[in-house]
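# Geometric and topological summary
Chain by chain, the residues:
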2 protein chains.
Amino acid sequence: MKKFLVVYGLLLFQCVTAQNEPVDYVNPFIGTSNFGATHPGAIAPRGMASVSPFNVAGRTDLNSLEKDSRWLSNPYVYENKFLTGFSHVNMSGVGCPELGVIISMPTTGSLKINHLNYGTTYSNEEAKAGYYSAELDEYNIKAEMTASTRTGVSRYSFPKGKSNILLNLGLGLTNEQGAMVKIVSPTEIEGMRTVGSFCYNSPEAAYPVYFAAEFSVPANEFGAWKIPSKYEGEEAQWMTYNGETRIKKGFTREVIGDSIGAYFTYDFKEPTSVELKIGVSYVSIENARENLKKETGGKDFDAVYAETRKSWQDKLSVVEVKGNNEEDKHVFYTSLYHMQIHPNIFNDVNGEYPEISTGKIGKTEGTRYTTFSLWDTYRNYHQLLSLLYPEEQLEMVNSMLEIYDENGWLPKWELNSTETFTMVGDPAAVILSDTYLRGLTDFNVEKAYEAMLKSATKTENNPLRPGLDEYIKNGFVSVDSGVAGPVSVTQEYNIADFAIAQLAKELGKEEGYQKFLKRSVSYRELYNPESQFLQPKHENGRWMEGFDPLAGANFSKNPGFIEGNAWQYLFMLSHDAEGLIKLMGGEKAYEEKLDAVFEKGHFDMANEPDFAYPYLYNFIPGSENKASKQVNKLLNKYYKNSPDGLPGNDDTGTMSAWAVYSMMGFYPIIPAKSVYTITTPVFEQIKIKLNPDFYGKDSLIIRKKEINNQKNKVYPLMRNNQVFPNFFISHEDLVNSKELIFLTPEKE
Amino acid sequence: MKKFLVVYGLLLFQCVTAQNEPVDYVNPFIGTSNFGATHPGAIAPRGMASVSPFNVAGRTDLNSLEKDSRWLSNPYVYENKFLTGFSHVNMSGVGCPELGVIISMPTTGSLKINHLNYGTTYSNEEAKAGYYSAELDEYNIKAEMTASTRTGVSRYSFPKGKSNILLNLGLGLTNEQGAMVKIVSPTEIEGMRTVGSFCYNSPEAAYPVYFAAEFSVPANEFGAWKIPSKYEGEEAQWMTYNGETRIKKGFTREVIGDSIGAYFTYDFKEPTSVELKIGVSYVSIENARENLKKETGGKDFDAVYAETRKSWQDKLSVVEVKGNNEEDKHVFYTSLYHMQIHPNIFNDVNGEYPEISTGKIGKTEGTRYTTFSLWDTYRNYHQLLSLLYPEEQLEMVNSMLEIYDENGWLPKWELNSTETFTMVGDPAAVILSDTYLRGLTDFNVEKAYEAMLKSATKTENNPLRPGLDEYIKNGFVSVDSGVAGPVSVTQEYNIADFAIAQLAKELGKEEGYQKFLKRSVSYRELYNPESQFLQPKHENGRWMEGFDPLAGANFSKNPGFIEGNAWQYLFMLSHDAEGLIKLMGGEKAYEEKLDAVFEKGHFDMANEPDFAYPYLYNFIPGSENKASKQVNKLLNKYYKNSPDGLPGNDDTGTMSAWAVYSMMGFYPIIPAKSVYTITTPVFEQIKIKLNPDFYGKDSLIIRKKEINNQKNKVYPLMRNNQVFPNFFISHEDLVNSKELIFLTPEKE
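An unreviewed UniProt entry lists chain A under the name Alpha-1,2-mannosidase, putative, with Salegentibacter agarivorans given as the organism. As its UniProt record puts it under Cofactor (unreviewed entry), chain A is described as follows: "Ca(2+)". Regarding chain A, the relevant UniProt record gives this comment under Subunit (unreviewed entry): "Monomer."

## Focus on the nonpolar core
With 152 residues, the main nonpolar core has I189 and F211 of chain A together with I189 and F211 of chain B as its most contacted residues. Among all residues touching I189 of chain B, those that are not within four sequence positions of it are L167, V181, K182, I183, V184, F211, A212, A213, F215, A262 and F264 of chain B.

## Regarding the packing of aromatic side chains
All names here are of chain A. Tallied over the full model, the rule gives 76 aromatic pairs over all chains. For the pair F533 and W567, a centre-to-centre distance of 4.9 Å together with 80° between the ring planes defines the contact as edge-to-face. Here F533, found in strand 27 (residues 533-534), pairs with W567, found in helix 14 (residues 566-570); they are 34 residues apart in sequence, far enough to count as distant. The same class applies to F533 and to W567, which are both buried. Through a chain of ring-to-ring contacts, the aromatic side chains of Y615, Y639, W658, Y661, F666, Y667, Y676 and F742 assemble into a single cluster. When the ring centre of F533 is taken as reference, the NZ or CZ atom of K593 above it lies at 3.6 Å.

## Brief notes about the sheet that holds strand 34 (residues 728-730) of chain B
All names here are of chain B. Ordered by their spatial adjacency, three strands build an open sheet running 28-29-34, and the pairing between neighbours is antiparallel. Both outer strands of the open sheet, strand 28 (666-667) and strand 34, are each paired with one neighbouring strand and no more. Pairing geometry for strand 28 and strand 29 (residues 675-678), over two bridges, is antiparallel. Within strand 29, the position partnered with Y667 by the bridge is T677.

## Describing the sheet that holds strand 11 (residues 188-195) of chain B
All names here are of chain B. Taken together, nine strands build an open sheet; the order of strands is 5-6-7-8-17-12-11-10-15 and the sheet is antiparallel. Only two strands of the sheet have a single partner each, and these edge strands are strand 5 (122-128) and strand 15 (255-257). On average, each strand axis in the sheet is tilted by 15° relative to the strand beside it, whichever way the strands run. Against the sheet, helix 4 (residues 301-316) makes contact with strand 5, strand 6 (131-136), strand 7 (141-147), strand 8 (151-158) and strand 17 (272-281), and its axis sits at roughly 45° relative to strand 7, the strand it touches most.

## Structural notes on the environment of M192 of chain A
Residue position: M192 of chain A is located in strand 11 (residues 188-195). Between the alpha carbons of M192 of chain A and Y210 of chain A there is a distance of 4.1 Å; along the sequence they are 18 residues apart. With residues near it in sequence (within four places) discarded, M192 of chain A still touches A179, M180, P208, V209, Y210, F211 and I285 of chain A together with E254 and I256 of chain B.

## So, the packing of helix 5 (residues 326-339) of chain A against helix 18 (residues 654-664) of chain A
Residue and element names in this part refer to chain A. Running from N to C, helix 5 and helix 18 point in directions that differ by 135°, and their axes come no closer than 8 Å. Our classification of the angle between helix 5 and helix 18 gives oblique. Here the hand of the crossing between helix 5 and helix 18 comes out left-handed. From helix 5, D328, V331, F332, S335, L336, H338 and M339 reach across to helix 18, where they touch S656, A657, A659, V660, M663 and M664. Of the residues contributing to the contact of helix 5 with helix 18, the split by class is nine nonpolar, three polar and one charged.

Criteria and thresholds
Throughout this description, residue numbers start from 1 for each chain and increase along the sequence as written. Written order decides the labels, with chains lettered from A and ligands numbered from 1. Only residues with pLDDT of 70 or above have their local features reported here, since the model is predicted, and side-chain atom pairs are shown and tallied only from 80 upward, although totals for entire chains, interfaces and linings are computed over all residues. Values shown for side chains rest on all heavy atoms present in the structure; no hydrogens or waters enter the calculation. UniProt positions are given in the numbering used here, feature names are shortened, and annotations may be inferred rather than shown by experiment. Within this scheme, the nonpolar core is defined by two criteria: the residues are buried Ala, Val, Leu, Ile, Met, Phe, Trp, Tyr or Cys, and they are joined through side-chain atoms within 4.5 Å. Three exposure classes are used, based on accessible area relative to the maximum for each residue type with a 1.4 Å probe and protein chains only: buried under 20%, partly exposed in between, and exposed over 50%. Residue contacts follow a heavy-atom distance rule, with two residues in contact if any of their heavy atoms lie within 4.5 Å. When two rings of Phe, Tyr or Trp (its six-membered ring) have centres within 6.5 Å they constitute a pair, described as stacked for plane angles under 30 degrees, edge-to-face for angles over 60, and tilted for the intermediate range. Helix and strand definitions follow DSSP, with helices as H or I runs of at least four residues and strands as E runs of at least two, each counted in order from the N terminus. We count a charge as sitting over a ring when the NZ of a lysine or the CZ of an arginine lies within 6 Å of the ring centre and within 35 degrees of the ring normal. Should DSSP find at least two bridges between two strands, the strands are regarded as paired. Fitted lines through C-alpha atoms serve as axes, helices being fitted only where they are in contact, and the angles separating the N-to-C directions of these axes extend from 0 to 180 degrees. The scheme is simple: roughly parallel for angles under 35 degrees, roughly antiparallel for over 145, roughly perpendicular for 65 to 115, oblique for anything else. Left-handed describes a crossing in which the near helix is turned anticlockwise from the far one by less than a right angle; the clockwise case is right-handed. Residues are grouped as follows: Ala, Val, Leu, Ile, Met, Phe, Trp, Tyr, Cys and Pro are nonpolar; Asp, Glu, Lys and Arg are charged; all remaining types, including Gly, are polar.

What follows is the structure, encoded as structure tokens:
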């Protein structure tokens, strides 16, 4: 706790003295506790490389969350204290352990290569956009890190005397093993490390990440190590070294195996800083080296950091907020920052990247993105990109279509050109449709439509939509299908089908529109008016016995739902809010049930199925104020300028996108419908810079104006001096406005 | 047994029909039983690559000698029946498990990658110089193999239907693990495999052997596999695949880990032959590919085999023997064949090789040799090379001096640029001196002398001569020194010092001559006239208590000796035979003791310390006939044209060199003394082709002539029609003779 206070103090100090530019409001510690699963490491916008402190291995006395003692998905936990290095490829805000490899570690004194022995506590952490530093207690070393897009750069300030820099390729957050390392010269190491099996899926697709490491000071001595697996045969009796770590001093050829590493040692006559650059690539060592050279060649640590800070400043300045609420600005800009981590750049500087499933190396003229956690991001993340970073969103759409070309299927949860099949539904359709409907049409929409149709109609060997045959025949996936969470799956398919229908309509494909629109409400088959819940059904149409609307909370097993219970899924049907209201017997019943979600503690801010519930009050005329109230209550409760300042896994920026939208006062309530619903913004004024290439203008201003709120007579929005009649505004109207005034009730 | 009869029959057939060229007498099965540790695989003379059947893994019901159930040093055992592939780098005739990796295996039907499942019995084995074939019972596949110097070439004749070719990089004879594999295209695989820790020494020096594999028929499908180590942490509960083999179908990037492999699968419409070339290198994959291309590019299996057969024919024709004893010719030419396996070529076709201990890649204009089992080979092997292949011997001397340049020390038991420190003594000195003294002077003898002096005089941090300080001070290494086998070690140092003295004399270094000559007889300190044995002593000069002359036989622990007992070491002092005779009280006592060795069963033909004992009778005037008798008895008993036709480990050709010399009727009885002693040759006539560049003439003929043997009046040798007065002839006289007639007693 003491540590946190120190950092907090530093940040406050910073805010007072700095220019208060958007980049200065980034607090990378947000989300590093409470399972936010972000890391405070240095990264450039959408960087392939990042350098994160790695403090999740070993010493459960010091690390309350330890990677091998539990399910843990992050390389860093704020409360942990035992640091075992700095990992150079990392994921942010995900729910499964992966990457967290190519771990460097500076030490002093005699060489120790077991992380349990060389690990240390640390002090005086500092984290900014593109920068992290800490002091290593055992060694009196200051370790600083920054990063360009594909290269992690560290500066280790050593005291006088014997020192070491380790490159540990055994340790990692991933559960995969296997690495190669080769010391090229006293200033260069190259190698690769196997990663993969994200969320314990597709272990057979595990793949290497390559690296080239360059040291600013030549090693006095160097070597590699290998920890062999223990030999079990008779011969073990002659192997006095059985299972023991071998130190391969001066070794310059490849060392390969499940657990290996390399070290440089120094003997400094005076305190000395060593800069370490590690370029990464998913194509080859050569590309990793080229990435390093092209991005950081001739630049020292400070120069790389200055460039990366500038990149962050440019990215984050897309929104300028005004107001006296500094803490909210930290939350806001850190949320924007977290949205600029995944999806991340996958291609090397020369354009190359490994294609998905073809085994080939592809080449892009633009950017190939990866890390598509689409079950999360289809709900708000990509909508926000379409508004703030339309050029990025279009590149992502193109990446998704390339994935379709390569793999024959759109992505579901794609990571580094592997389809991990994590979570359910068919979310790509929503994103493609939504993007097009928001006016970002510069992609091959016919191919996109073809790809959507394929996953929506192919009933054999369809990896994206298991249970599709039942769904088409009966309107729902049954508990007999063998598909996990059949009610959730049915709802997700409905949402995807709604998206297809919307795009079909836009493209003038009337038949497709009608067909998929009809399919998009088939969830109604699962609505039981008696329980007033969606319930799992047998294939023959009979309700599954023993329905418990609470089953499924906290990830407990559940016959109907995935990562949620019946409360948390009931309203996840914004595309048919009117239909659901009707089913439930009217707006009052709908509202009462929605109230119950919040009042009875069924609401889960930490996961996606219900996280748009607060906005649903805007569907109930006269109760719209509840939306703003609830949204702002949740913002205050769950989003904070502190390590526990995210409600849970950031879900590759989805939780952050929720905050950004909510703090700006609007939200894309219906996936694949180009419309926002309105709540009270957090800031006095918000200036959104628009990309004129896409929106024909360069900005949009939102202002908050307090009014006397007369119940049942709220008119939330003024545009061009005209008051809008309801709580919804189309994307087109929003971006075409010069200034929007969000009317808000006076504070109670 | 049946199998052997079949082969034997084949060979007989061959002898009748073939031209009876030397190469046709090679029976690569000799030494594949009785722990000869040779393999019947295909290899070119001194080849870096070889392709051996690998039948020592798993199924102890079928494999009586299994690599993990006991100490086993060969990839193939004649009696074993369960074959699990064909290994592409192999050692021959050594006593420790090493190499036996890059294992290919053709199968049919569904893909199986565990050797316990895919292994098979086999039939109709055939082995010739540069060729091996067998039929795989399970699969109806004929597998044939040949090899160029650095490339193994296989031809697999598949039946119609589904077939597979596996490249198993997990399995191996070595105890090291760790490999990388990458499928480059449907006709090409590349990778590397860690090997090392020969004789369980220096595991930290384990190193990769690289390969490039080329298939003549593109795979229909391909993939890699990985067997991961089992995850022990909490997360194991979510890893349903924990520890299970992963099949990585279509995977084209590097797969790395402790146990991996790759496969090609085919679906043949008709019976089809696939040729597989695997080039190897100890430098890089690129070099392995270049080796393959340069040696076998554009050549099919038959063409490569024809070339390799020609190389063998050229090498083996260095001696032409005449007589009616066909079986002896098989033994003789197979012995010559076994002498052409190690030391083997280490540099790639472009001259590159990894230097020892520098970490650099060196480049040679000539040939860099490796696999210097010098404790074995200093006794006769290199002497025979100096006579038959002087150009090779000089290249080997140069390789030894390069090793000194790179490593700072001459080799002791060098393997692939690692010093394994196997066995004792300082054997390099003997070889360097002996070579020079035989007139092969075209090397840097001053450097050689300097190198010898270093190991003979440097008492601190001397890896070659442990216990040197005691030895210099007291003349012997004591049981208190911590050095294993101190009596053996003292004798070996004496022998090396004798060699240094001889070279010093030749170079006119009188001081060195005197000093080392004196040192060369210090073993006398260990002779106990009471027991008439060399005995271990304490540093203070007192005999160690409880001396047992039998201790140490059969590799049992022994305070005084290494790999032998007091009987087997007592006479290993031919350089001071006269001195020992004196010590023992005269020729009679010496002869009686020597008789006792043979009569009481103390003689061990399978190991080096005593294997020259039979020749020592030539030091006893009047008893010389015993030498011939004993030598020929041992030849008959231990050297046969059958798998058990070697007395034990071939010791990289040392046992074979013993046979070649003994069958020709002369033997280099004193290491580093350019002299031979004479016995009765096996053949009627022997024509030795000499290299005129070294010997000024191109051949030497030895003929056998039976005479009435009058006891105590033997004159064994006639040269230029003159009878020689004793049983010794200098190397110079031998090579300068046009024809030598070895007089031999009539058969009794």
